[in-house]
Amino acid sequence: MFDTPLQRLTPNGDLLGESPLPLEEIRRLYQAMLSARVYDRKCSVMQRQGRLATYAQFEGQEASQIGAVAALRKQDWVVGTYRDAGAMWFHGYPWVNLILGRTGDERGGRAPDGVNVTPPSITVGGHMIHAVGTAWASRIKGDDSVSLTLFGDGATSEGDFHEAMNFAGVYKTPTIFMCQNNGWAISMPRDRQTASKTIAHKSIAYGVAGALVDGNDLLAVYEVCKQAVDRARAGEGATLIEALTYRMGPHTTTDDPSRYRTNEGVEEWAQKDPIERVRRYLESEGAWDPAWQAEVESEESDRVETAVSEAEALTPWTADEIFEGMFAEIPPHLAYQQSLLRRRP
Amino acid sequence: MTEMNIAQAVNAGLATALEDERVVLIGEDVGTTGGVFRVSDGLLARFGPERVIDTPVAESGIVGAAFGMAINGLKPIVEIQFMGFTYPGFDQIISHVARIRNRSRHRFTAPMVIRIPYGAGIGAAEHHSESAEVIYAHTPGLKVVVPSTPYDAKGLLLAAVEDPDPVVFLEPIRMYRAIREDVPDEPYTVPIGVAELVEEGDDVTLIGYGAMMKEIGAAFELLTASGVSVEVIDVRSLVPLDTETIIESIRKTGRAVVVQEAPRTAGFGAEIVAQIQEHALFSLEAPVERVTGWDTIVPLRRAEKHYMPSTEDIVQAAHRTLLS
Ligand SMILES: Cc1ncc(C[n+]2csc(CCOP(=O)(O)OP(=O)(O)O)c2C)c(N)n1
């Protein structure tokens, strides 16, 4: 079990077996991956310019994130981390919110109404159980929404991973656990995170379905996620998916990977780039040309630029406003503290 | 009206709350056995296993799953078995439950109640006697209430369930079956953030909450018998704290004894004393007295009595304030 990851597209863009998606849809998802990469690279640049606080790049993980969300419906939940901007955005969380968050502004955490995407979890591992709760609530309320939670290989070492998997198994909640095994948790390689042969193996112990997939293969990721989503919606319970991918960049903009890894991994995985292989496939199908690609990139670049301007144009919270997020109504002791802050010269 | 004790009053409150389809009760052994204190007795039979949920032994899982339910439209009531076992779930409370409204700017909220039996005095096993209320009171984003009577237990519980924000609801173990009183059968709420003026008097104010209200009540009797006119305040709600009622009382009596079962250093009593000196220093006729547990681990059964603040401690503290 879990000996080889499922693959539908080789790094050369050759299709193995049958495509789970029609060509038009693959083009749409390809476009989304490109957009996500434009955003990701722009954010890294802006961070270096001092316009954003610490930023966690997800380059290399676009197929895992876009492919997973592509299997969802609008009303489903996405519960992810600081590295899941691509997934959050593709499920309806606007760039401007993500950028606001990265400029250091809590208003970025507010998903638009009707978009069930939680603010990115900053604590590692604590959020997976939330996707058990949201999924469980959907079932209790009698709607057939499912919940997707995304996390890294490091997060599976947290105790909360166990509690989340265990609850999902016992209560058969419609939860999809999407582990993006990008090889690293800051400086710790995957093989020092767990002695399990694969992370997918852990599904066996919890009595939930498991899958091992090439995380840089959009079509394969979509396929296993779609199966997991269908099972969840049919009341057949949770799935743990391990998507094998690679963190091409540093952990965050404050990190220096040369302290703990050589460039070998990056070079090796660059040959397996998730975007390039879909491009090759589309080209072979006559569904790609450079002009289209340039247009997509330039349009997305403009959209991100606009989002940045919007975020930067927003006046920071006033002293008064920092009290307003705490409760539905400001209680007397906070109102009093607010009055003290107002008097500060 | 039905005469009942605190355990029964919480049970009645839970039953009323569960009439709302969005409410679920979730915790270890809350279903089939009705909870280790039998507080949820009979609720599984009435509301079914989908709404009264027995869970694996996993506090982080319980609080975290309930949190997920809360942001997706339910109103979970969590039962933690004993306060000393909240810690495995504490990260969920402090990092997620208390913060989500702020970090999502009101888009997601956690309207949930976390019920925690707390306190010593029953000679329980290790880890079963904690009074760590101040940790919750110190955490921004949580409300914290502590009933000391059956009436307040039901009314505060229903107020907590109605509240749009997370409420930590502390149940004094020692008081579960210690007193009985008439409790209305129909739903009612006791407002969160309002202290109760239990007794009116002119010479000294005794201030406390939870299980300590029993000792305070006994001290009141003794002091009154010896001719002292005593005012008694049951704080009931630590966050938000009804500072006004406390300050008004100090302006009248000029003397106060603040009582808590918890360890002394940085206890919630210190916050009450600080409020008094900020707002009523010049009304004080004497230094405010504190009667507290010690900064020790609560001793096990055979030595437990040395830890517990006693009626006599409170009486003596009151007399000390009356010397000035
Ligand atoms: C509870 C907790 N412990 C430690 C950290 C600091 N930290 C942030 S990211 C990280 C590594 C996480 O690795 P992984 O789960 O594999 O996700 P990745 O960053 O690779 O996407 C650590 C240790 C944290 N944010 N939260």
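Procedures and definitions
Residues numbered from 1 in each chain as written. Chains lettered and ligands numbered in written order. Predicted model: local features only at pLDDT ≥ 70, side-chain atom pairs only at ≥ 80, totals over all residues. Heavy atoms only, no water. Helix = DSSP H or I, 4+ residues; strand = E, 2+ residues; numbered from the N terminus. Rg over C-alpha atoms; globule rule 2.2 N^0.38 Å. Lys, Arg positive; Asp, Glu negative; His and termini not counted. Charge placed at Lys NZ, Arg CZ, Asp CG, Glu CD. 1 Å grid on protein atoms, 1.4 Å probe; cavity = no way out; pocket = protein on both sides within 12 Å on 5 of 7 lines; lining within 4 Å. Points joined across faces, edges and corners; volume = space filled by probe spheres on them. Nonpolar A, V, L, I, M, F, W, Y, C, P; charged D, E, K, R; others polar. Pairing = 2+ DSSP bridges. Axes fitted to C-alpha atoms, helices over the stretch in contact; angles between N-to-C directions. Near = heavy atom within 4 Å. Polar contact = N/O pair within 3.5 Å; in protein donor to acceptor, adjacent residues only side chain to side chain. Contact = heavy atoms within 4.5 Å. Buried area = accessible area lost by both parts, 1.4 Å probe. Salt bridge = Lys/Arg side-chain N within 4 Å of Asp/Glu carboxyl O. Domains from an automatic or database assignment. Expected span 1.5 Å × (residues − 1). Parallel < 35°, antiparallel > 145°, perpendicular 65-115°, else oblique. Left-handed = near helix turned anticlockwise from the far one by under 90°. Disulfide = S-S within 2.5 Å. Buried < 20%, exposed > 50% of the residue type's maximum accessible area, 1.4 Å probe, protein only. Phe/Tyr/Trp six-rings, centres within 6.5 Å; stacked < 30°, edge-to-face > 60°. Lys NZ or Arg CZ within 6 Å of the ring centre and 35° of its normal.

### Remarks on the overall build of chain B
Phase 1 of the analysis: Of regular secondary structure, chain B possesses twelve helices and 14 strands.
Phase 2 of the analysis: Taking 2.2 N^0.38 as the reference for a compact globule, 324 residues should give roughly 20 Å; the C-alpha atoms of chain B span a radius of gyration of 19 Å, in line with that estimate.
Phase 3 of the analysis: When the backbone C-alpha atoms are referred to their principal axes, chain B occupies close to 60 × 45 × 40 Å.
Phase 4 of the analysis: Charged side chains of chain B number 27 positive and 45 negative; the gap between the two group centres comes to 4 Å.

### Here's the deal with empty space enclosed by the protein
Phase 1 of the analysis: In total, this model carries three cavities of 30 Å³ or more according to the counting rule given.
Phase 2 of the analysis: Volume-wise, the largest cavity comes out at about 100 Å³.
Phase 3 of the analysis: Lining the largest cavity are 13 residues, and of these P119 and H130 of chain A together with F67, H96 and R103 of chain B lie nearest its centre.
Phase 4 of the analysis: Contributing elements (two or more residues each) for the lining of the largest cavity: α3 (59-71), α4 (87-97) and α5 (100-103) of chain B.
Phase 5 of the analysis: For the lining of the largest cavity, the class distribution of residues is five nonpolar, seven polar and one charged.

### Considerations on the layout of surface pockets
Phase 1 of the analysis: Counted as a void, the second largest pocket has a volume near 910 Å³.
Phase 2 of the analysis: Elements with a contribution of two residues or more to the lining of the second largest pocket: α12 (332-342) of chain A together with α6 (133-137), β12 (237-239), α9 (243-253) and α10 (268-280) of chain B.

### Examining the sheet that holds strand β4 (residues 75-79) of chain B
Residues and elements named next belong to chain B.
Phase 1 of the analysis: The seven strands lie next to each other as β3-β2-β4-β5-β7-β6-β12, forming an open sheet whose pairing is mixed. The sheet is open, and its two borders are formed by β3 (52-54) and β12, each paired with just one other strand. Strand-to-strand twist across the sheet, computed as the mean angle between neighbouring axes with direction ignored, equals 20°.
Phase 2 of the analysis: Where strand β6 (residues 143-145) and strand β7 (residues 167-172) come together, three bridges link them in parallel fashion. Within β7, the position partnered with V144 by the bridge is V168.

### Quick look at the site of the ligand
Residue and element names in this part refer to chain A.
Phase 1 of the analysis: Close to the ligand lie 15 residues; Y82, R83, I122, G154 and W184 are nearest.
Phase 2 of the analysis: Contacts to the ligand include D153, whose side-chain N or O atom sits 3.2 Å from an oxygen atom.
Phase 3 of the analysis: Here an oxygen atom of the ligand sits 2.9 Å away from a polar atom, N or O, in the main chain of A155.
Phase 4 of the analysis: A breakdown of the residues in the shell around the ligand according to their chemical character gives seven nonpolar, five polar and three charged.

### Quick word on the interface of chain B and chain A
Phase 1 of the analysis: Taken residue by residue, the interface counts 44 residues in chain B and 46 residues in chain A.
Phase 2 of the analysis: Counting each side, the surface lost to burial between chain B and chain A is near 3,600 Å², with a carbon and sulfur contribution of 62%.
Phase 3 of the analysis: One can count one salt bridge joining chain B with chain A.
Phase 4 of the analysis: Ionic pairing is found between D113 of chain A and R107 of chain B, a salt bridge with its closest N-O pair at 4.0 Å.
Phase 5 of the analysis: Those elements that provide at least two residues to the side of chain B that touches chain A are β2 (23-27), β3, α3, α4, α5 and α10 of chain B.
Phase 6 of the analysis: Residue contributions to the side of chain B that touches chain A peak at ten residues, all from α3 of chain B.
Phase 7 of the analysis: Residues belonging to the side of chain B that touches chain A are distributed by class as follows: 18 nonpolar, 15 polar and eleven charged.

### Some remarks on the domain arrangement of chain A
Phase 1 of the analysis: The domain boundaries assigned to chain A delineate domain 1 (23-314) and domain 2 (317-345).
Phase 2 of the analysis: The straight-line distance from the C-alpha centre of domain 1 of chain A to that of domain 2 of chain A is 36 Å.

### Considerations on helix α11 (residues 290-313) of chain A
Phase 1 of the analysis: For α11 of chain A, with 24 residues, the first-to-last C-alpha span of 34 Å sits near the 34 Å given by 1.5 Å per residue.
Phase 2 of the analysis: Considering only its buried residues, α11 of chain A is in contact with α1 (23-48), α3 (85-90), α4 (95-103) and α10 (274-284) of chain A.

### Brief notes about the packing of helix α5 (residues 128-141) of chain A against α3 of chain B
Phase 1 of the analysis: Running from amino to carboxyl end, α5 of chain A crosses α3 of chain B at an angle of 55°, the nearest separation of the two axes being 6 Å. Classified by the angle their axes make, α5 of chain A and α3 of chain B are oblique. Here α5 of chain A and α3 of chain B pass one another in a crossing that is right-handed. Only S60, G61, G64, A65, F67, G68, M69 and I71 of chain B of α3 of chain B make contact with α5 of chain A, whose side of the interface consists of I129, H130, G133, T134, W136, A137 and I140 of chain A.

### Quick word on the state of the cysteines
All names here are of chain A.
Phase 1 of the analysis: One pass over the full model with this rule turns up zero disulfides over all chains.
Phase 2 of the analysis: Between C225, a free cysteine, and C179, which holds the nearest cysteine sulfur, the sulfur-to-sulfur gap is 12 Å.
Phase 3 of the analysis: Residue classification places C225 among the buried residues on the basis of a relative accessible area of 1%.

### Some remarks on the packing of aromatic side chains
Residues and elements named next belong to chain A.
Phase 1 of the analysis: Taken as a whole and judged by the stated rule, the model has 21 aromatic pairs over all chains.
Phase 2 of the analysis: Judged by centre distance (6.4 Å) and plane angle (75°), the ring pair of F151 and F177 falls under edge-to-face. A residue pair is termed long-range when its members are at least 10 positions apart, and F151 in strand β2 (residues 147-152) and F177 in strand β3 (residues 175-181) qualify at 26 residues.
Phase 3 of the analysis: With a relative accessible area of 1%, F151 lands in the buried category.
Phase 4 of the analysis: Cluster of aromatic residues (ring-pair linked, three or more members): Y39, Y55, W89, F90 and W95.
Phase 5 of the analysis: Over the aromatic face of W288 sits the side chain of R279, whose NZ or CZ is 4.4 Å from the ring centroid.

### Digging into the side chain of T194 of chain A
Residue and element names in this part refer to chain A.
Phase 1 of the analysis: The residue T194 is located in the loop between β5 (188-189) and α7 (202-206) in this model.
Phase 2 of the analysis: Here K202 takes part through its side chain, which lies 2.9 Å from a polar atom of the side chain of T194.
Phase 3 of the analysis: Among all residues touching T194, those that are not within four sequence positions of it are I199 and K202.

### A look at the sheet that holds strand β14 (residues 289-291) of chain B
All names here are of chain B.
Phase 1 of the analysis: Taking strand neighbours across the sheet as the criterion, the five strands line up as β9-β11-β10-β13-β14 in an open arrangement whose pairing is mixed. Of all strands in the sheet, those bounded by a partner on one side alone are β9 (196-199) and β14. The average undirected angle you get between the axes of adjacent strands in this sheet is 25°.
Phase 2 of the analysis: Inspection of the sheet shows strand β10 (residues 204-208) paired to strand β11 (residues 230-234) by five bridges, in the parallel sense. Looking at β11, one finds that L206 is bridged to V232.
Phase 3 of the analysis: Here α10 sits on the sheet and contacts β10, β13 (256-259) and β14; the angle it forms with β13, its principal contact strand, is near 155°.

### Structural notes on unusual backbone geometry
All names here are of chain B.
Phase 1 of the analysis: The peptide bond linking V239 to P240 adopts the cis configuration, its omega dihedral lying at -5°.
Phase 2 of the analysis: Along the chain, the position of P240 falls in the loop between β12 and α9.
Phase 3 of the analysis: Unusually for a residue other than glycine, R38 sits at a positive phi of about 60°.
Phase 4 of the analysis: For R38, the position within the fold is in the loop between β2 and α2 (43-47).
Phase 5 of the analysis: Positioned with a positive phi, R105 is a non-glycine residue whose angle comes to about 45°.
Phase 6 of the analysis: With a relative accessible area of 10%, R105 lands in the buried category.

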